[in-house]
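# Survey of secondary and tertiary structure
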Amino acid sequence: MNHYIDWNCRLLRPGAIPNETAYALREMNERFSFNRFCMMQDFHADTESVSAFLIRQKRALQQLKPLLSRRFHIHGAACVHLCRGLAEEADLDRLTITSERLLPLQLPLTEYGDWIDQELNSLLYKKKLTPLFLSFELCMLLYPKEIIEKLLRIPFAAYQFNYKALPTPEICRAIFKLLSKSTVLLGTSLNMREKINFYELPYYLQRSEKLLLKRFHLLLLERNQAYWQEW
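Residues numbered from 1 in each chain as written. Predicted model: local features only at pLDDT ≥ 70, side-chain atom pairs only at ≥ 80, totals over all residues. Heavy atoms only, no water.

This brings us to the state of the cysteines. Scanning the model with the defined rule gives 0 disulfides in all. Here Cys 172 is not cross-linked by a disulfide; its sulfur's nearest cysteine counterpart is in Cys 139, at 17 Å. (Disulfide = S-S within 2.5 Å.)

Let us now look at helix α1 (residues 18–32). Every α-helix carries 3.6 residues per turn, so stepping three or four residues along brings you back to the same face. Look at α1: 21 Å from first C-alpha to last across 15 residues, which is about the 21 Å you get at 1.5 Å a residue. Three or more residues of α1 are buried, namely Thr 21, Ala 22, Ala 24, Leu 25, Glu 27, Met 28, Asn 29 and Phe 32. Among the structural elements, β1 (4–9), β2 (34–43), α2 (50–64), β3 (73–81) and α7 (201–212) are those in contact with the buried residues of α1. Ser 33 sits one or two positions beyond α1 and adopts a positive phi of about 70°. (Helix = DSSP H or I, 4+ residues; strand = E, 2+ residues; numbered from the N terminus. Expected span 1.5 Å × (residues − 1). Buried < 20%, exposed > 50% of the residue type's maximum accessible area, 1.4 Å probe, protein only. Contact = heavy atoms within 4.5 Å.)

Position of His 73 among the secondary structure elements: in strand β3. For His 73, a relative accessible area of 38% puts it in the partly exposed group. Other than its neighbours up to four places away in sequence, His 73 contacts Asn 35, Arg 36, Phe 37 and Trp 228.

What follows is about the packing of α7 against helix α8 (residues 214–230). With their axes 6 Å apart at the nearest point, α7 and α8 run at an angle of 125° to one another. In terms of axis orientation, α7 runs oblique to α8. Judged by the sense of rotation from one axis to the other, the crossing of α7 with α8 is right-handed. Along its contact with α7, which presents Leu 205, Ser 208, Glu 209 and Leu 212, the element α8 presents Lys 214, Phe 216, His 217, Leu 220 and Leu 221. A class-by-class count of the residues in the contact of α7 with α8 yields 5 nonpolar, 2 polar and 2 charged. (Axes fitted to C-alpha atoms, helices over the stretch in contact; angles between N-to-C directions. Parallel < 35°, antiparallel > 145°, perpendicular 65-115°, else oblique. Left-handed = near helix turned anticlockwise from the far one by under 90°. Nonpolar A, V, L, I, M, F, W, Y, C, P; charged D, E, K, R; others polar.)

Here it is, written out as structure tokens:
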């Protein structure tokens, strides 16, 4: 049986009850064979320090992990929301993940402004941080083509896509190009147990196998496994 990784699991949200989160993870395992979860929790630099976030995250994981069997493997991570002045935040490097030390970054889902370029440049060249752009399929939907092309050219940047975006030919074309030079991760972005019933993972994977061709589809999944093993 194939086991899958959720690189953007949002079930450990504020106010979530540990037992309900554990139940949802078990359901994802039974329905779709997910057994490894990167639990992304929102980090807003304008309302919380890195230290406070890490304390909050540690407490949440300590409550969750004892409720799950050993077949589940869980890492905690931050979904860092890009905002003005983010690059001035101390200790951002403590929020990086994997052996490549990627900073999971959620770009604003609004009009792309010049300040975004300024913050990205500061993160890249002053902080020396490598972005992992989360839910990049949303960026491709909202931002102009020239902006997307610029983001895709950032050296060593990584990109996370939702599994449910895989049936979209444009997304698969982007993934195909990225596979030769960049880290590409897949996740669900599921944040409520009720949404699991409407998530059609087998269909998303089937379409990906056709659009990407089988060998590149398998390469994508294998690399997701390899990145987890290196973490």
